[in-house]
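Working through the structure, step by step
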Amino acid sequence: MTDKLRNSAPVPPQDTTIDSLTELVERLVKVDLDAANQPEQPEASQLSAEYRASLQALLTPEMSSEESEPDLHALLEAALRSWVDGQ
Amino acid sequence: MRFQFESTGPGGLPIIPVIPDHRLLTIEGRNGIGKTLAARVLEFISGEQPFTALPNAWESFCTDLGRLTVTIDGLPAGRVIKCELDSKTWVGRRESECVVIPGAAFINDETADWSDVRRIIQVRRIAGDEGLTETLARTLREASVSARRLDQTASTIVRRLGDELRLLTDDLIQVRSEGLAEDVQQYRSATGQLANAQQALTAAQEAHEQIVTAYQFHRAIDSTLEKLPALVRDYGEALARHQSAESAVAAADKALTETGRQQKVDADKARQIEWLVGRLPHRLRHLANAQVAEQQAHVRLGVTERLSPIEIRDRIRQIDVMIKALEEENRSAYLAGTVRDAQIAIEGELRAMPRNAQNERIATIGRDIRVHELADGISTRRKQLEGVPKPDEVAQRERTILQLRNEQMWVASLPDIYKRTEQKQKLVDEGTSELALLRGNAEDGDALAAADASAASARRDLLIAAVSLRECLAAIEAAIGLGGEAVEPGAEEEPALLGGEVDDDADDDVDDTELPVPRTLEEVEATIAAWLAGVTDGIDKRFATHWDGAVAGSEPVLSRIERCTAVLAEVLATLAKDREAAQRRRDEAAVEVSGAIVTQRRAEDVASTRLERLGMALRTLRDDGGPWGSHLGALDAVALKCGLAVDSLNDLATGELALSDLLEEEEPRGAAIAAATRFVEAVAEITAELESSAVRVRDQWSNAANYLYKFSGDLSTRLDHHPFDERSMRASAGKVLTEWAESTISELLSSPELRAELFDNSASVTFNISDLTVSWIEPETKRRRRRPLEAFSSGEQVFAYTKAKLERLRSLRSQAETVVVFLDEFGAFVARDRFAQLVTYVQHDALGVIADQIVVTVPLSGELEQVRDNASLANVEAEVYDPPGYVVIPANVD
């Protein structure tokens, strides 16, 4: 699903700053997720960590271009499947 | 190279018009004439983005630059480049987009690709007023601007995602597992409590009715006992009158017989006279009966004289109007009864519909309602209403209506009663006239007629006395004939003739029997005594012994009646108290039912709402053509994980979710409904998580942008600074950001040029963000050196840093045929004693090696002519451009 979505959106021109910032945001998202998944955080989602990682990795580069837009239905299908797999 | 700048439209930012073709030159000019702008325009043409860290400056550049033509000549091979720019076309766009094709490009007046232009010439600007700290700050600010732009893009995507997801989940988000079990249990409990309360009310009503019936029974007996003494007395008097009349008849008959014996008539007349003499008493008796019946009807209706046909019709109509008014009042005062009547009618119609019509939709209330559902719903509510007690005033009006209907029936029967009386009168009159005629023809007819008239008169008196006697007896029998049964309002007897004889209007020839022998007073008292004994079984058991004692004995019946009356007074007092207590219990039970109905209805509403929402959500999720139609397979898997089989899911989605499914704890559909609720909730949560994941990414872009903006502003106060939304970040996120900033700055400081110029050719340079210090290892001594960042702002360090920046441009020579470098605003921060050293360095080490042309710009140090004259003293021919006010001083580098 990830590859499909990546291929469906034109890859925007990247430079080293964007790449570096993207890595930074990926790390920030992971830190935020790790904090949210603490046992004392009841709102933590039941979606699998793999799904979260793929979603975050998917959204970050695509959002660097206004012309590209995530495929909602593919994301939704993946979320449903991920939830089932994670149960 | 010679650069010429020409505004071709109105307005435009100030910009120096010409940069002459000298390999090394200094431009000394006034502030604000566009020296720096010229350098930035040339950078922009070269494909650089000089405003990345300066979004406000970029906005001003777009809005105010206007139309500008830049001409570059003096290039190798005599080529001339012309660039036509129009900044209006950049408004609202990003610098990175506009820089790709900023306008029209020409080489030797031929349209050219911008890439060709950029292969011919590259221009860079090194800001002399930008030290190491400012460079680091600008780099971080550029990163902040990029992160901010991505944050905005992410926000747009998240908004769109949110809008689309809301369309998907509008029907799902109100379905909640939380509280479902409690709500179902509450509904079951409330329904059970209502049933119990209704049973208790029914029992209380029955108990109350029993006591009321008992009271009425005893009250009726009491009423009878009250009337009996007078009735017995009346009977005695009527009996005496009857005996007197009998004596008079006997005397008249005897006189008539004697007279008859002396009369001579022919045989035929004799037979007719005999028949009429025998028949007339019966006709008289029937007439008397009819008259009594008519009188009795008048008494019942409260009239003293006959009513005309018009009066009868009017009275019937009046009673109709009164009945309708009372019925209308009752319908308003007892809504439960009114609604129930309508329910019974509607439910009857619905149940009577054909079987295949039961599943048809008959109404739409929020959703489609089917025939059988409506019938079931009405039935359920009708049963609830059965527990609503009828107000006393309504019951009273119902009794009045029954009485009015009875009265109406009596009024309607009046014409028949009148007709009957008239028929009987006619028979009597005819018989009398015929007898007179027959006897008038006989000898001594007058004497016989007189005797006969006397006998007839006596007999009529006897008949009247007999009727009166019978009425008295009938009154007694009617009184004791209650037999202890309750007198129902309106349950009065039908109008009938007194005497009980067969009506002989149709056949006047039928013989009649003799009048019955009247009962003696003793016989009547014995009947009453027997009745007193007979009602003993109906007397309240608590007083049975008392009653038996009052009834027993051989005293006259009137004495026993007196004792019985005393006992009944006690019984009635006790029963009145019992009745009040039963009424209280009934009212309390009714209140319980009312409360239970409210509770049950509330719980039913909650359960019903849950089912309605669940049904809507399931239909949305299972709709092939709906928003979830392409995810049915994945939804099946989610349902299974929630304990809901696909068959059950489809069954619930296509069928009806009935409240009855929730009433039984072991009901399989109840368990399926709970699982379906979890399923819908899980789908909604998964969908919400999708949005929150996107929001999380967006927020981190925002965090990064905010942090870098703030940190770059802290490093250099010369950068734009605007208040921004400092969102709270987790401590761990802050650590990631500071580590990234440290790493990025360390990487910048570790460039070979900076390491060579500033850090003793150390292998690596480390930046510590906590105290803003730079540290490195001196290769020769292996000593660790550490200096605060601000230490690199000294003149010596700025000079060294400028050299490093020039060194970094060395690679440009491989990308373009010609490289031009602007050393902008030098002299402001480079120490004066280092400026000549810098020029020497540029002349000997940079010119021709790093750049083909170097333009140094400095602020105007005096008057324009003075600057020019000073240059001529050094044998340099300076050029003055005034306006706008600058001097070009070429350096002799040959």
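In this text, all values refer to a predicted model and were calculated from it rather than measured experimentally. (Residues numbered from 1 in each chain as written. Chains lettered and ligands numbered in written order. Predicted model: local features only at pLDDT ≥ 70, side-chain atom pairs only at ≥ 80, totals over all residues. Heavy atoms only, no water.)

1. Here we look at the pattern of salt bridges
Residue and element names in this part refer to chain B. Short version of the rule: By convention in these notes, a salt bridge is any Lys or Arg side-chain nitrogen within 4 Å of a carboxyl oxygen on Asp or Glu. Here a strand is any run of E in DSSP of at least two residues, a helix any run of H or I of at least four, and the numbering for each starts at the N terminus. Classification of residues uses two cut-offs on accessible area relative to the type maximum, computed with a 1.4 Å probe and protein chains only: under 20% is buried, over 50% is exposed, and between them is partly exposed.
A full pass over the atoms with the stated rule returns 47 salt bridges over all chains. The closest approach of N and O atoms between E477 and R519, which form a salt bridge, is 2.4 Å. Here E477, found in helix α12 (residues 445–480), pairs with R519, found in the loop between α12 and α13 (521–534); they are 42 residues apart in sequence, far enough to count as distant. Residue R519 is classed as partly exposed on the basis of its relative accessible area of 28%.

2. As for the nonpolar core
Our working rule: Nine residue types can take part in a nonpolar core, namely buried Ala, Val, Leu, Ile, Met, Phe, Trp, Tyr and Cys, and a core is a set of them joined through side-chain atoms within 4.5 Å. Contacts between residues were defined by any pair of non-hydrogen atoms, one from each residue, lying within 4.5 Å.
Counting 51 residues, the largest nonpolar core has B:L618, B:W628, B:V638, B:L644, B:F679 and B:V680 as its most contacted members. When residues of this core are traced back to their parent elements, those giving at least two are α4 (72–86) of chain A together with α5 (132–169), α6 (180–261), α15 (557–622), α16 (632–641), α17 (646–654) and α19 (668–715) of chain B. Among the elements that line this core, the one with the most residues is α19(B), at 12 residues. Leave out the neighbours within four places in its chain, and B:L644 touches B:A639, B:L649, B:L652, B:A672, B:A675, B:A676 and B:F679. Grouped together as the second largest cluster of nonpolar side chains are 46 residues, B:I16, B:I45, B:C62 and B:I107 included.

3. Some remarks on the environment of B:G74
Residue and element names in this part refer to chain B. With respect to the element layout, G74 can be found in the loop between β4 (67–73) and β5 (81–86). G74 sits 52 residues away from H22 along the chain, and the two C-alpha atoms are 9.7 Å apart. For G74, the contacting residues outside a window of four places in its chain are M1, D21 and R79.

4. Re the sheet that holds strand β15 (residues 853–859) of chain B
Sheet strands pair via backbone hydrogen bonds, and the direction of the pair is either parallel or antiparallel. Residue and element names in this part refer to chain B. To keep things clear, this is the line we draw: By this definition, two strands are paired if DSSP reports at least two bridges between them. The axes used here are C-alpha line fits, helices contributing only the stretch in contact, and every angle between their N-to-C directions lies in the interval 0 to 180 degrees.
In space, the 6 strands of this open sheet follow the order β8-β14-β15-β3-β17-β16, with mixed pairing throughout. Strands with a single pairing partner mark the edges of an open sheet, and in this sheet they are β8 (121–127) and β16 (879–881). Between one strand axis and the next, the sheet turns through 20° on average, direction left out of account. Here strand β3 (residues 24–29) runs beside strand β17 (residues 886–890); their pairing, made up of 5 bridges, is antiparallel.

5. Some remarks on the packing of aromatic side chains
All names here are of chain B. The line we're drawing: Between 30 and 60 degrees the pair is tilted, below 30 it is stacked and above 60 it is edge-to-face, where a pair is any two Phe, Tyr or Trp rings, Trp via its six-membered ring, whose centres lie within 6.5 Å. By definition here, charges over rings are those cases where NZ of Lys or CZ of Arg is within 6 Å of the ring centre and within 35 degrees of the ring normal.
With the rule as written, the count across this model stands at 11 aromatic pairs over all chains. For the ring pair F44 and F61, a centre distance of 5.7 Å and an interplane angle of 80° mean the geometry is edge-to-face. Taken together, the residues F44 in helix α1 (residues 35–45) and F61 in helix α2 (residues 55–64) connect sequence positions 17 residues apart. Residue F44 shares its accessibility class with F61, and that shared class is buried. Where F61 meets W90, the ring centres are 5.5 Å apart and the plane angle is 20°; that geometry is what we call stacked. A residue pair is termed long-range when its members are at least 10 positions apart, and F61 in helix α2 and W90 in the loop between β5 and α3 (95–98) qualify at 29 residues. Given the relative accessible area of 2%, F61 is considered buried. For W90, a relative accessible area of 0% gives the class buried. Of note, R141 hangs over the ring of Y709, and the distance from its end group to the ring centre comes to 3.9 Å. Its end group placed over the ring of Y215, R579 keeps NZ or CZ at 4.3 Å from the ring centre.

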